[in-house]
Amino acid sequence: MPEIDSPKTVDDVFEAFGGPSAFSRVLELKGSSTGSEMKRRGRISVGLWPRIIQLASERNIDWLTYECLALMHARKAQSADGQRVTS
């Protein structure tokens, strides 16, 4: 399993795909604003994760795994709840 060298964020996912508009285009979402809205919220819909993982693998974005997506969303939820974030 590839090691995640530093905590990744939702912003990192969008950057890996070339920004929110490119992310929307690559994932064939209904509009470029869909990616922008997910980036603004700091959350990526779980239903998109399988396709994101597949496309990341095809693009050699090795750090982008289910585990990475789960951790970044958990950290965001913990910080929103005022809990101490540990990873």
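Up top you'll find the structure we're talking about.
Because the structure is a prediction, the values reported are computed rather than measured.

### Let's talk about the environment of tyrosine 66
Item 1. With respect to the helices, strands and loops of the structure, tyrosine 66 is situated in helix H5 (residues 66-80).
Item 2. Between the alpha carbons of tyrosine 66 and valine 46 there is a distance of 9.9 Å; along the sequence they are 20 residues apart.
Item 3. When sequence neighbours within four positions are dropped, the list of residues in contact with tyrosine 66 reads Trp49, Pro50 and Ile53.

### A look at unusual backbone geometry
Item 1. Positive phi values are uncommon outside glycine, yet glutamate 28 reaches one of about 55 degrees.
Item 2. Classification of glutamate 28 as exposed rests on a relative accessible area of 67%.
Item 3. Even without a glycine there, the phi angle at asparagine 60 is positive, about 60 degrees.
Item 4. With respect to the secondary-structure elements, asparagine 60 resides in the loop between helix H4 (49-58) and H5.

### Things to note about H4
Item 1. Where H4 is concerned, the buried positions are Trp49, Ile52, Ile53, Leu55 and Ala56.
Item 2. Taken from the residues just after H4, asparagine 60 is the one with a positive phi, measuring 60 degrees.

Rules of the game
Residues numbered from 1 in each chain as written. Predicted model: local features only at pLDDT ≥ 70, side-chain atom pairs only at ≥ 80, totals over all residues. Heavy atoms only, no water. Helix = DSSP H or I, 4+ residues; strand = E, 2+ residues; numbered from the N terminus. Contact = heavy atoms within 4.5 Å. Buried < 20%, exposed > 50% of the residue type's maximum accessible area, 1.4 Å probe, protein only.

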